[in-house]
Structures are given as structure tokens and as C-alpha cells.
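As a plain string of letters, each chain reads:
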Protein chains: 2
Amino acid sequence: MAALEHALNDLAEMFGDRISRSEAMRDHHAHGEGWQPACLPGAVIFAESTQEVSAVLRTCNQHGVPVVAFGGGTSLEGHVTPSEQGISLDLSRMTRIVELNAEDLDCRVEAGVTRHALNAYLRDTGLFFSVDPGGESTLGGMCATRASGTAAVRYGTMRENALGLTVVLADGRIVRTGGRVRKSATGYDLTRLFVGSEGTLGIITEVQLRLHGLPEAIATAVCQFDRLEDAVNTAVTTMQIGLPIGRMELLDEVQMDACIQYSKLTGYEVLPTMFFEFHGAPAAVREQVETMEAIVADNNGKGFMWSNNPEERNELWKARHNVFWACLAYRPHHRGIATDAVVPVSALTELIAGCKHDIEESGLIAPIVGHVGDGNFHTVILVPPEDDGLERALELDRKIVGRALSLGGACSGEHGVGLGKKEFMEREHGRDALDVMRMLKASFDPNNILNPGKMLPDPVN
Amino acid sequence: MAALEHALNDLAEMFGDRISRSEAMRDHHAHGEGWQPACLPGAVIFAESTQEVSAVLRTCNQHGVPVVAFGGGTSLEGHVTPSEQGISLDLSRMTRIVELNAEDLDCRVEAGVTRHALNAYLRDTGLFFSVDPGGESTLGGMCATRASGTAAVRYGTMRENALGLTVVLADGRIVRTGGRVRKSATGYDLTRLFVGSEGTLGIITEVQLRLHGLPEAIATAVCQFDRLEDAVNTAVTTMQIGLPIGRMELLDEVQMDACIQYSKLTGYEVLPTMFFEFHGAPAAVREQVETMEAIVADNNGKGFMWSNNPEERNELWKARHNVFWACLAYRPHHRGIATDAVVPVSALTELIAGCKHDIEESGLIAPIVGHVGDGNFHTVILVPPEDDGLERALELDRKIVGRALSLGGACSGEHGVGLGKKEFMEREHGRDALDVMRMLKASFDPNNILNPGKMLPDPVN
């Protein structure tokens, strides 16, 4: 009998019909939202508590059965793709808000809570959770991939917003890391070690999160530019003078064209465009808007419009959040591959200019949208339905990543490594740092059952 | 011949007279500034480059000779205390500013650069480095202990301000971690793993640091309170409404008495006192001052005075930075032990009230000063010159830490663990998390040469 069958036998009593081997359920867990090939898992198990996750890992570790955690299934780089003879451990039923400490601006949630659900729960508290990747992602998955989003420029990524974790190790031990304090100088920073470890060192089952008070005042502004460089330079200047901007997003003219069509935005030209959001006390927000207007004018921006009307704000940010769908609608029958590169902010102008050149050369359509305050931007490469479409798209992606690495950047600002970015890890981190990562992996997971084959490329001799 | 002699033989040619075995030099490296017993190292070696640190560790690893890095020697918890047959590896000559990227608000420095030297170097750039522990600490040591200080409430600790590192591993391998990007989602967070590892996993030789733009406007305010609880509640409210305060320090009436005498502060009563600093654009700063005045009034504060005069500001913050010396002068012939506890902000009122009770009961004098926005505070326990003075002081320290841990806090907010806080590690982190830390230590340093005996208590069976 195969290892998987032994493990499922051992777990049958505890999980009953929460073990599924149906084709449909396995297919639903066979992939994320990225381009990487799918793979049906041997079985899907729905865990409802940390203790149950512990039982699964203890058993799978004994039998050598691979396990990958599954939350919202929104991964873009193949993180959740299971092994054929492995288990997809679905945590999406772990949706309890364990505690809310409004006075300390923190809360503790189970891994399957989505960011939308958390913010709905917080609605009447005057607090919000700031990290906002696209899609219905779960907070466990967001921790595991070190997610960020549009507000990271002001409030940080999951690195800054996860205060502590409950993690189940490969052998089933349950570890609590971090805590509720804002800072601590005691012991190795296990929280930060697990955040971004993509399920390869342990499975996160609970997260202590930092929350933020809803700003007293919020204003939005939009501005358009004839030249993309001017838009990028606007972002660079904003960061350099330390303006505490809430959000700052760049859409190039192609992306803007797609958004105008898809989201029925009126009053905008098909030009590079910046969306800004300002958070703070009323006078501070007014002052920030004025400063931004001056920066924009210095950089040849036009039509600077600002508003503190929540409806106008929602229209704009809804359009921003729907860019992926706008891109897909822009060229019917095309798939979309979302690229992800990050560089020091001063290198952004050069990177985006080079990237535009690469896109043109490729003959593909690839709208650009970016969290430019972080030096992070995406293209959605529209993959033509021809046979060589995917190959051409991936070649373009490789060029963009290569440019980012040459400029001192990283191959991913927020989507993570998974399967899709493994090939760039040695170039980015160097062989010795990668060997340290491999040593960590071997220490935490000697039987290599935790999301095997992800993040770390095999060593080349 | 002992292991140490073999190692020194091997290193003699490379280091020449930069290996010292003189009594005076060994004595200078025998302790930090804490109360823990001193220990003369077998030898002191002055390294001037990462390559030299690598040579020392490779050699010491072969011979099984313990090594502890030494920077400014300002540790308060015995981190730098060497082993008798070991080496104190002095990095204080590694003082190069490797690069400054003003446009990206970052720089790279060697481990021996002090924070004062860095800020002097930055003087004409419009930038500053924000982490400000007391004393002439080096940036390598500040990374190794996850230091923070008075501005952490706004700008973060070394955890947030170290972007990347060069680290030498036990076997001499040189690893670069992190980089210059503001965020990244690629690979394990090795930077955060080494930050706060107290020289037990590797020796940090270079640090990439985040810098901040000097605020356009700065204002200071002071306010006094009849009751300590009202002062603490002022801090708690400030954090809860999310006021972006630059600095917020609490001094109790005893500390204020000491400061008035030592720093010749005039116009203040011997009462619990809060110092505030506001950073930002001019209108934002004015607005923050007004909001703070209202919070203070709600909490029965009196004599709220604010100023944007740099000289008045400097007088006040100089007094704050000199609290330790003020305490020592307050009771001649007493030594001072600085305690360090941190809790969720909402628990601060209860913790400080309990702490005042413990101080009274102990019959000792222990002024309180705190970075209360972080939930972090110190007492300087004045150790009477009697035989049982130290014992009584440490008993009081234990009580304070015990209270912090009971309230969901940590045994150190910024001084670290070293030798002094080891006994609290299991209670704070739990046995399983501590076992994970021990596994990390064993993986990185199988021969246990890197600062052995620090941070991690021996397992109890």
C-alpha cells in the first residue's frame, strides 16, 4: 500500500467525510490562479483546528506524504499546486476571529479568515486591516507569501503587520511565535522566519495582526501625464521627500485604456495616470494634497483633481482593484500573466522605461500597473491564444525580472516565489544565502513533506 | 597546547599586533555596561574587514574556540561577556560608510560605525538615522540586539530599519541577506533572523540601513500630571487614536526629581511628566500639537507647554538622554541596574502601577522612564552599596519582568536577553518555540563557538 493510503487510513476516523478524493474536489485544489501546470492531489482534507492540522502533519511526516496548505487558492506563482501522491490541506473552514483587542489595535484570527471578512468584522470598530492583495485571499496564505498590496507604502506588508503566529511544524508540534507587543528584543524572530516561507517550514494556523485606526480624513487625487517617466518621477519625488502618502498607484496608458473601457471611467484620457490617496487628520491631509499638487506640477502632470467625496474615491479604487479583469476584457480569448518586480525607488524610472521597450519588442500587449511608492510594479502580459503564446509571455517576464535584478531589485515584491520564480533565486540571493535557506528547510522539515519543490531550486553542482 | 593557542598561532600572521593578550585590553573587553560578572577573554583580535572576520571564524570553528563580537561595549545584559578560553573579536575599527543612496533613503555601513558617527556623516544630506539607544553603540551591535530607543514609536526598531546584512557564519562563509528594496517576497527572511540573534548565529559585519528625511517641522511639548496613571493613560490614548507622534517619553516623579537636579531643568515640578516630539509638515505638526493638548486636558494634565524652538528642544532631550547619569548622581555610591519590560499598550497602566508598588515594597529607589508609546519602560534600580544590594535589586527586576509576562508582554523591549534575561525565555516563549530556537542555533553553529551560553537557557529535562 502506498504511503498516501497509509496516512489516509490513519486519519480516516478523525476526519470522516472531511477527507475527499473526488475528482471535482481534487481538481479545485490542483492549482492557484497562476500559469503553472496544475496537478491533482491524492486527497483533500478539510482541517477545522490547529489540533487537526497537527494530526495531519504528524501522520504525513511518519509516512512521508507531502502536504500543501490551501486557503483562498489565489496564489499567482503555483504555491498551492499539490504533489500527485500528496495532500492538499484546506484551511478555508478555519474562519474564527479568535480575539480583538481594539484598544491595542491588534487581533488574532484563524488562517482561513479572508481579509474581506476581517474588514467586514471590523466595520463598526473604527479600525481596519491594511494589507490588500487582489482576490479573496486568506490571512494564513497572505502570511505565508508575505503579501502586500496598495497600502503597503504607508502601513507595511505582512512582514510588518503579522505580530505573532501559531505554526504547526512538520512533526506536528505546535509553536506560538511573537505576541501582542509592538516590539521585543527576546529571541530569534521566528514570526518573520515563517512569514514568507510559503508553507515550506511549517503551516500557519493562526495570525496575530496589527490593525490601524481608520483615518479621520481621506482624500483622493488623480493626475495624468504625457510621458510615463514624468509619472514615475512624481512617485520617486514623493518618496524622497517623505510625504506620508496612503496609496500611490501608477497605471500606464495601456492599462488606463483597459480601465476606461472596463470600469466606464469618464473624464480621463488614455494617458499614464497616477492615483493617490491621503490619510490623516484634516489639516494634514489638506497639506499633503497641496504638496502633491506642487510635485505633480514640477513633473508636468496635468488635470490634477482631488476629492474627499467617498463615492468618487470608491469608483476610482474599484477600477484599480479590477485591473486584472479589465486587462482580460481588453483582449478577448487571451489569458493574463501577472508579472511582479521590485527595485529601489530611484531605479524605477529606468526599469519601467526598459520594460516598455521589452514589451514593444515582444509584440505582446502588457498593461503596467504598480505600487510605485514601494518600487514595485506589475504588468499583466496578455497571452495570445496561439501555440507559442505562453512561451513568448514567459520570455518577456524573464526579461523584466532580469532588468529588476540588474538594478539591485528582487524577482518578486509581493507574489512570492512558489514554482514560478525559483529559477531567479540563485541570481538574486547568491549561492551561500541560498545554501543557508536550504539548511533551514532541512532542519525544519527533514523528510521534505512541507510543500516540497517550492521556493528553493535544487542545488546545481 | 590548548585550542586557543592553536587558533592564535594560525591567525598570528594575518593579524600581527592586532591580536592582543594584554591584561588591560582583555579587561576592557571583559564586560559590557550591565551588572553581570565580567570574564577576561583569552585574547582580543581587532578585525578590519569582513574577510578578516571570516578568517577568524573559520579558524576558531576548526579549533572549537568561542568568539564573541565586540563593538561599543554598551550591552546591558552581558551579551559581550567573553569566554575565558575564547576570543573577543573587536569590530570597532570597521568604521567605513560603504555607500549612501540619498535618493532611496538608504545607506550601507560597516558594523563598527556608531549611530552618532552615522548621523554626523549625514548632517548635510537632509537625512537621519532614527534608532537611538543610549550610549555610543555601534550599528552592528544594535542590529545584533534588535535595538530601538525613543523614536521607535514613529520610525520602528532595528527590525524595521535594517534592510540587509553581511553576515559571517560560524564556518567562515560570508552571506549577504536582504537588499535595498523596501519590500520583497522572495525567500526566507534571513535579515530578520540575524537581527536580534545576539551574535549566536553569525557575526554581522555590514548593515544596509533605512534612513529618513529630516522632518520639515519639529515641535516639542511637555506636560505634568498629579497622578502617574493619568500620564500613562495619555500615552495609551495617543496610540489608540493613531496620532503619528515622533517621540513620547514618560518620566515618573522620582526620575523628574533626579533630572531637575542633574540637568538643572527649571520651571518643572517634581511630578510625573511627559515629553512629546512632533514631526511632519508644518500644518500637520500644529494639528498634532492641538490634538495632544486636548488629550492631555482630558487626562488632567497641567502646564502643557509646546515649543518649536530648537534650543529648548535640545535642553529637554538632552536631559532625557542623560537619565541614567542623573539617576547615578541622585544617590552617590549606588550602582544602577536598568530594567526593561514591554507589554501591550493597554496593559501599561496596570504594569506601571504594579511596578511602583513593587518598588515601594522593596525599599529601593528606582526612577521610571519609558518609551510608553511602545508599551516599553525602564526603571533604573539604584543598587545600595550594602552586601545584599545587588540581590535585592535583581529580585525587584524579577518581579517587574514577572508582571510584564503575566500581562502578555516580553522580558525585554530593547536591551535583549544576553545572560541577564535567559531565565525568563521559557516562560515567555514556551518550550516548543525555545526548542525551535535551539534547533536553529545547532544548525547554524554546530560547534557552539558563536557567543556560547547567551540568550538560550540550557534545556531542562
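Computed from a predicted model, the values in this text were never measured in an experiment. (Residues numbered from 1 in each chain as written. Chains lettered and ligands numbered in written order. Predicted model: local features only at pLDDT ≥ 70, side-chain atom pairs only at ≥ 80, totals over all residues. Heavy atoms only, no water.)

### What about the sheet that holds strand β10 (residues 203-210) of chain A?
Residues and elements named next belong to chain A.
Next, step 1: Pairing is antiparallel across the open sheet formed by five strands, whose spatial order is β5-β6-β10-β8-β9. Edge strands, defined here as strands with exactly one partner in the open sheet, are β5 (97-101) and β9 (174-178). Taken pair by pair, the neighbouring strands of this sheet meet at an average axis angle of 10°, ignoring direction.
Next, step 2: Pairing geometry for β5 and strand β6 (residues 106-110), over four bridges, is antiparallel. Paired with N101 across the two strands is D106, which belongs to β6. (Pairing = 2+ DSSP bridges. Helix = DSSP H or I, 4+ residues; strand = E, 2+ residues; numbered from the N terminus. Axes fitted to C-alpha atoms, helices over the stretch in contact; angles between N-to-C directions.)

### Quick word on the pairing of strand β19 (residues 376-383) of chain B
Residues and elements named next belong to chain B.
Next, step 1: Most of β19 is tucked away: eight of the eight residues are buried.
Next, step 2: Judged by which residues are buried, β19 turns out to be covered on both faces: N376, H378, V380 and L382 on one side and F377, T379, I381 and V383 on the other are all buried.
Next, step 3: As paired strands, strand β16 (residues 335-338) and β19 are joined by four bridges and run antiparallel to one another. Looking at the pairing, G336 lines up with L382 of β19.
Next, step 4: In this sheet, β19 lies alongside strand β17 (residues 341-342) in antiparallel orientation, the contact comprising two bridges. (Buried < 20%, exposed > 50% of the residue type's maximum accessible area, 1.4 Å probe, protein only.)

### Here's the deal with helix α3 (residues 50-63) of chain B
All names here are of chain B.
Next, step 1: Along its 14 residues, α3 runs 20 Å from first to last C-alpha, staying within 8% of the 20 Å computed at 1.5 Å per residue.
Next, step 2: By the criterion of burial, α3 is predominantly enclosed, with ten of the 14 residues buried.
Next, step 3: Looking at α3, one finds that the buried residues are T50, E52, V53, S54, A55, V56, L57, T59, C60 and N61.
Next, step 4: One or two positions beyond α3, positive phi appears at G64, with a value near 70°. (Expected span 1.5 Å × (residues − 1).)

### Digging into the relation of the copies chain B and chain A
Next, step 1: If you rotate chain B by 180° and push it 0.0 Å along the axis, it lands on chain A with an RMSD of 0.0 Å. The superposition operator between the copies reduces to a two-fold rotation axis. If distances are taken from each C-alpha of chain B to the rotation axis, the shortest is found for A284 of chain B, at 2.1 Å.
Next, step 2: Mapped onto chain A, 100% of the interface residues of chain B are again interface residues, and the two copies thus contact each other with one and the same surface. (Least-squares fit on C-alpha atoms with pLDDT ≥ 70 in both. Contact = heavy atoms within 4.5 Å.)

### A look at the interface of chain B and chain A
Next, step 1: On the chain A side, the residues contacting the 75 residues of chain B number 75 residues.
Next, step 2: Across the chain B to chain A interface the summed buried area is about 6100 Å²; carbon plus sulfur atoms make up 58%.
Next, step 3: Among the residues of chain B in contact with chain A, R182, K183 and Y188 of chain B are the three that bury the most area, contributing 16% of the side total.
Next, step 4: For the interface between chain B and chain A, the tally reads six salt bridges.
Next, step 5: Inspection of the region where chain B meets chain A yields 35 residue pairs in polar contact (both at pLDDT 80 or more). (Buried area = accessible area lost by both parts, 1.4 Å probe. Salt bridge = Lys/Arg side-chain N within 4 Å of Asp/Glu carboxyl O. Polar contact = N/O pair within 3.5 Å; in protein donor to acceptor, adjacent residues only side chain to side chain.)

### A few points about the domain arrangement of chain A
Residue and element names in this part refer to chain A.
Next, step 1: In terms of domains, chain A is made up of domain 1 (3-90), domain 2 (97-213) and domain 3 (217-406).
Next, step 2: Just the C-alpha atoms count here: the centres of domain 2 and domain 3 sit 27 Å apart.
Next, step 3: Every contact between the two is made by eight residues of domain 2 and, on the other side, twelve residues of domain 3.
Next, step 4: Note on domain 2 versus domain 3: buried area summed over both sides is about 920 Å², and carbon and sulfur give 51% of it.
Next, step 5: The largest contributions to the domain 2 side of the interface with domain 3 come from T150, V153 and R154, which together make up 65% of the buried area. (Domains from an automatic or database assignment.)

### A short note on the sheet that holds strand β10 (residues 203-210) of chain B
Residues and elements named next belong to chain B.
Next, step 1: Within the open sheet, the five strands sit side by side as β5-β6-β10-β8-β9. Their pairing is antiparallel. At either margin of the open sheet sits one strand with a lone partner, and together these are β5 (97-101) and β9 (174-178). Adjacent strand axes in the sheet meet at a mean angle of 10°, parallel and antiparallel pairs treated alike.
Next, step 2: Here five bridges tie strand β6 (residues 106-110) to β10, and the two strands are oriented antiparallel to one another. For R108, the partnering residue across the bridge sits in β10 and is Q208.

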